[in-house]
Amino acid sequence: MGTGIIGALLINFPYSTPALQYISWGISLVNLVVFLACCVLFSWRLIQYRDFYSILMHPQQSMLLGAIPMGLCTLVVCLVWTLKPYSVSWMPTLALTLWCIDVVLSVMSFLVIPFLVTSHQKHALETVNATLLLPAVPTIVAATGGAIVASVHNGSIATTIVTISYMLWAMGMGVAMLLTIVYLIRLVLFKLPPKEAIATVFIPLGPFGQASYGIQLLGVQSARLFPTELSQIAYLGDILLSIGFFVGLMIWSLATWWFAHAVYSMVYTRVHGKIPFHLGWWALIFPISTFAASTNSLWILTGYRFFRVLASFIIVGVTLLWILIVARTVCYAWTGELFKAASVVQLELKDTVHEDFDSESPEECLE
């Protein structure tokens, strides 16, 4: 998921060069290989251990199921943007088919996991993690992917895709905002997460950045399609384009605040101690990348150089961060550090949380 969106960002880099295009194709190919390998390994695990029910009941592992449709959507986006200039005849059909699968998986994540959170799983406010948002984010990602898939279709098919995408965007964004409030309350009462989980403070940036990006793209496609396909309300396309820009800018502004807050949190935590590397660091890539994509889209819509320069700066920064995390992942996997038992990591997190709050009650935090 993080690798795929890096490839998508480089395809649309504001100062694009042929070399960047080739690099983005290579990254997209790596993303495809990694996604297929992860799918095979996950399927083997389910067959070997038959623990899917246990995963669904787990308050943390179940959240990560939302990453599957998000990863698939990055494949669809890279497929469209890579092959669109070459007018490949079979690409629109393949992209639409994969997007439909992605929508089904996203809606399942959106409907099932939040219900289990409220009915079966055990959660406490002081241990609430930003991963709680992950089941809601796939519908926003699918809505953005729908706008991109619609760009290679015409007529009623494209109009249907855009309409469904608006519905997905509204559902995901609404629930993500509610869950973000819960997470913000947890931060206010119990302060920052332990250093082992500090990277998760960037996760709420994901739905904000992706929602801003998606509503802008949907507005562009509405302006292209609705005047001819919905002649009785032909004016709706231009209205939605304007709304897409305005709402996208407002959400981007909110994402800017959260981005600054997350950076402050990381710096503050690092000053007070070393942050150990683990797979959780990958939580940094996708949220920052969605913020970069939203910024880049604002430049395309407005032509303001400020957005162009800022988008370029963020894309370069997150790409360098991606290279660092990939390198560390390979090194730690080679030494075996990466495969530390999940139960041990969870025990460390639990102990850290208890140490932080044994001497300070929630009421004292409010004083």
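Every value quoted in this text rests on a predicted model; they were computed, and no experiment measured them.

Parameters and conventions
Residues numbered from 1 in each chain as written. Predicted model: local features only at pLDDT ≥ 70, side-chain atom pairs only at ≥ 80, totals over all residues. Heavy atoms only, no water. Helix = DSSP H or I, 4+ residues; strand = E, 2+ residues; numbered from the N terminus. Rg over C-alpha atoms; globule rule 2.2 N^0.38 Å. Buried < 20%, exposed > 50% of the residue type's maximum accessible area, 1.4 Å probe, protein only. Contact = heavy atoms within 4.5 Å. Areas by Shrake-Rupley, 256 points an atom, 1.4 Å probe, with all protein chains shown as cover. Expected span 1.5 Å × (residues − 1). Polar contact = N/O pair within 3.5 Å; in protein donor to acceptor, adjacent residues only side chain to side chain. Core = buried A, V, L, I, M, F, W, Y, C linked by side-chain atoms within 4.5 Å. pLDDT = per-residue confidence, 0-100.

## Some thoughts on the overall build of the protein
Next, step 1: In terms of helices and strands, the protein carries 13 helices and zero strands.
Next, step 2: Its helices and strands taken in sequence order, the protein reads α-α-α-α-α-α-α-α-α-α-α-α-α from the N to the C terminus.
Next, step 3: Over its C-alpha atoms the protein spans a radius of gyration of 21 Å, differing by no more than 12% from the 21 Å that the globule rule assigns to 367 residues.
Next, step 4: Dimensions along the principal axes, computed over C-alpha positions, put the protein at roughly 65 × 45 × 40 Å.
Next, step 5: Within the protein, the proportion of its 367 residues that are buried is 49%.
Next, step 6: In the protein, once contacts between residues fewer than 6 apart in sequence are set aside, the share between residues at least 24 apart is 80%.
Next, step 7: Within the structure as shown, the protein displays about 18,000 Å² of accessible surface, and the carbon and sulfur contribution to it stands at 71%.

## Topic: helix 10 (residues 285–302)
Next, step 1: With 18 residues, helix 10 should reach 26 Å at 1.5 Å per residue; the first-to-last C-alpha distance of 26 Å fits that figure.
Next, step 2: Within helix 10, 15 of the 18 residues are buried, which leaves it mostly tucked inside the rest of the structure.
Next, step 3: Looking one or two places after helix 10, you find glycine 303, whose phi comes out positive at around 75 degrees.

## Observations regarding the side chain of threonine 329
Next, step 1: Topologically, threonine 329 is positioned in helix 11 (residues 305–335).
Next, step 2: In this structure the side chain of threonine 329 is engaged in a polar contact, spanning 2.6 Å, whose partner is the backbone oxygen of isoleucine 325.
Next, step 3: Setting aside chain neighbours within four positions, we find threonine 329 in contact with Phe277, Leu279, Trp282 and Leu338.

## What about the nonpolar core?
Next, step 1: In terms of nonpolar packing, the biggest core is built from 100 residues, with Met91, Trp99, Val149, Trp169, Phe202, Leu284 and Ile288 touching the most fellow members.
Next, step 2: Each residue touching isoleucine 288, except ones within four places of it in the same chain, is listed here: Phe202, Leu205, Phe259, Ile314, Val318 and Leu321.

## As for the confidence of the model for the protein
Next, step 1: Residues at a pLDDT of 70 or more form 92% of the protein, whose mean pLDDT is 90.
Next, step 2: Of all the helices and strands in the protein, helix 13 (residues 362–366) carries the lowest mean pLDDT, 40, while helix 6 (residues 137–150) carries the highest, 97.
Next, step 3: Considering only residues more than four positions removed or in separate chains, one finds that residues 341–367, a stretch of pLDDT under 50, has 19 contacts.

## Some words on the side chain of asparagine 31
Next, step 1: Within the fold, asparagine 31 resides in helix 2 (residues 18–49).
Next, step 2: Relative accessible area serves as the criterion here: at 4%, asparagine 31 is assigned to the buried category.
Next, step 3: A distance of 3.4 Å separates the side chain of asparagine 31 from the backbone nitrogen of glycine 4, its partner in a polar contact.
Next, step 4: Setting aside chain neighbours within four positions, we find asparagine 31 in contact with Met1, Thr3, Gly4, Thr74 and Leu75.

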